[in-house]
Amino acid sequence: MKFGVVVFPGSNCDYDCYYVLANVMRVDTVWLWHQDHDLQGCDCVILPGGFSYGDYLRTGAIARFSPIMASIRRFAQEGGLVLGICNGFQILLESGLLPGALLPNRDGRFVCRYTYLKVENTDTPFTQLFSPGEIVRIPIAHHQGNFFMSSSELEELKRKKQIIFRYCGPHGEENVRFNPNGSVENIAGVTSPDFRVLGMMPHPERASEALLGSEDGKKLFLSLITWLKENQGGRNRKNR
């Protein structure tokens, strides 16, 4: 089993992700340079947070054209697991691997704080160890995390159970008070229709050790590792 962490110019959460995978979860982890095409046999690829290529033009708009993204698109089409966190989520949207768009935050400010999330779908490789409706505490840090899509697209997303995380209060309250960026229906993370690609604005890698104030994010990585073990390192990719 091998994980790969993509490094773009401007990535700043790449070392955080690598540290959690290699030192906390103790799984084989490699760097994947943005100019490379070779995914080095990885079973799961992670696009970390940061400001890829300075995020000029629009967040993730330049990164989508990097050589490594062509390989990641093929990998995802074959059923490989891809996780995009914060800027990684923005890149996946720009690349067409996930539906929707991310707008500037409702209040026009960068927001950096812990949030509560409700786990909406546990029937995915990313969330299989969570309980349905479980409330977890994971931090955010972004200026453009306001998830948006048309009402017809939203209904389709809900029908296919592609909403994975919603912002909420400590007891599961879903209202504007606990929506940090104005995302439609408090959405914090969505998947592809086959549940193999997940994008989320909160940072699970920053909630994977008690020293950091929460270990709730660790369960996401443990879910991935468990799923890959059960599915022979992801080689039977289309067999969920």
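Our structure is the block above this text.
Definitions and cut-offs
Residues numbered from 1 in each chain as written. Predicted model: local features only at pLDDT ≥ 70, side-chain atom pairs only at ≥ 80, totals over all residues. Heavy atoms only, no water. Phe/Tyr/Trp six-rings, centres within 6.5 Å; stacked < 30°, edge-to-face > 60°. Helix = DSSP H or I, 4+ residues; strand = E, 2+ residues; numbered from the N terminus. Buried < 20%, exposed > 50% of the residue type's maximum accessible area, 1.4 Å probe, protein only. 1 Å grid on protein atoms, 1.4 Å probe; cavity = no way out; pocket = protein on both sides within 12 Å on 5 of 7 lines; lining within 4 Å. Points joined across faces, edges and corners; volume = space filled by probe spheres on them. Pairing = 2+ DSSP bridges. Right-handed = clockwise from strand over helix to strand, strands pointing away. Axes fitted to C-alpha atoms, helices over the stretch in contact; angles between N-to-C directions. Contact = heavy atoms within 4.5 Å. Core = buried A, V, L, I, M, F, W, Y, C linked by side-chain atoms within 4.5 Å. Polar contact = N/O pair within 3.5 Å; in protein donor to acceptor, adjacent residues only side chain to side chain.

A. Seen up close, the packing of aromatic side chains. Applying the stated criterion across every chain, the model contains five aromatic pairs. Measuring from ring centre to ring centre gives 4.8 Å for Y15 and W31, while their planes differ by 55 degrees; the resulting arrangement is tilted. One end of the pair, Y15, is in helix 1 (residues 14-24); the other, W31, is in strand 2 (residues 28-33), and 16 residues separate them in sequence. Here Y15 falls in the exposed class, since its relative accessible area comes to 61%. A relative accessible area of 30% places W31 in the partly exposed class. For the pair F130 and F165, a centre-to-centre distance of 6.5 Å together with 85 degrees between the ring planes defines the contact as edge-to-face. Remark: F165 occurs in strand 9 (residues 163-168) and F130 occurs in the loop between strand 6 (111-119) and strand 7 (135-142); sequence separation between them is 35 residues. According to the relative accessible area criterion, F130 is buried, its value standing at 5%.

B. Region of the structure containing unusual backbone geometry. Despite not being glycine, C86 shows a phi value in the positive range, around 55 degrees. Along the polypeptide, C86 turns up in the loop between strand 4 (81-85) and helix 3 (87-94). Here the phi dihedral of F195 falls at roughly 65 degrees; this positive angle occurs in a residue that is not glycine. Its location among the elements puts F195 in the loop between strand 10 (187-191) and strand 11 (197-200). Using a relative accessible area of 12% as the deciding quantity, one classes F195 as buried.

C. Representation of the layout of surface pockets in the model. Approximately 190 Å³ is the volume attributed to the largest pocket. As for the largest pocket, its lining consists of 16 residues, and the residues nearest its centre are G50, F51, F110, A141 and H142.

D. Layout of the pairing of strand 1 (residues 2-7). Within strand 1, five of the six residues are buried, which leaves it mostly tucked inside the rest of the structure. Pairing geometry for strand 1 and strand 2, over six bridges, is parallel. Looking across to strand 2, one finds that V5 is bridged to W31. For the crossover from strand 1 across helix 1 to strand 2, the handedness is right-handed. Where strand 1 and strand 3 (residues 44-47) come together, three bridges link them in parallel fashion. By the bridge assignment, G4 is partnered in strand 3 with V45.

E. Summary view of the sheet that holds strand 11. Spatially, nine strands are ordered 2-1-3-4-11-10-9-6-7 in an open sheet, and the strand pairing comes out mixed. Of all strands in the sheet, those with a lone pairing partner are strand 2 and strand 7, marking the two edges. Sheet twist, expressed as the mean angle between neighbouring strand axes with direction ignored, is 25 degrees. Of the strands in this sheet, strand 1, strand 2, strand 3, strand 4 and strand 11 are in contact with helix 2 (residues 67-77), which crosses strand 3 at around 135 degrees. In the packing of helix 5 (residues 218-230) onto the sheet, contacts are made with strand 1, strand 3, strand 4, strand 9 and strand 11, and the angle to strand 4 comes to roughly 170 degrees.

F. Just the nonpolar core, in detail. Membership of the largest hydrophobic core comes to 65 residues, with the highest contact counts inside it found for L47 and I72. At six residues, the largest contribution of residues to this core is made by helix 5. The contact partners of I72, leaving out residues within four places of it in the chain, are V6, L39, V45, L47, V82 and L97.

G. Broad picture of the environment of V82. Relative to the elements of secondary structure, V82 occurs in strand 4. Relative accessible area serves as the criterion here: at 0%, V82 is assigned to the buried category. For the pair V82 and V197, spaced 115 residues apart in sequence, the C-alpha separation works out to 4.7 Å. Residue contacts for V82: discarding those within four places in its chain leaves V45, L47, I72, F75, A76, L92, F126, R196, V197 and L198.

H. Seen up close, the side chain of S183. Residue position: S183 is located in the loop between strand 9 and strand 10. A residue is classified by how much of its surface remains accessible, and S183, at 3% relative accessible area, is buried. Looking at S183, its side chain comes within polar contact range of the main-chain oxygen of G145, at 3.0 Å. Separated by 3.3 Å, the side chain of S183 and the backbone oxygen of I187 make a polar contact.

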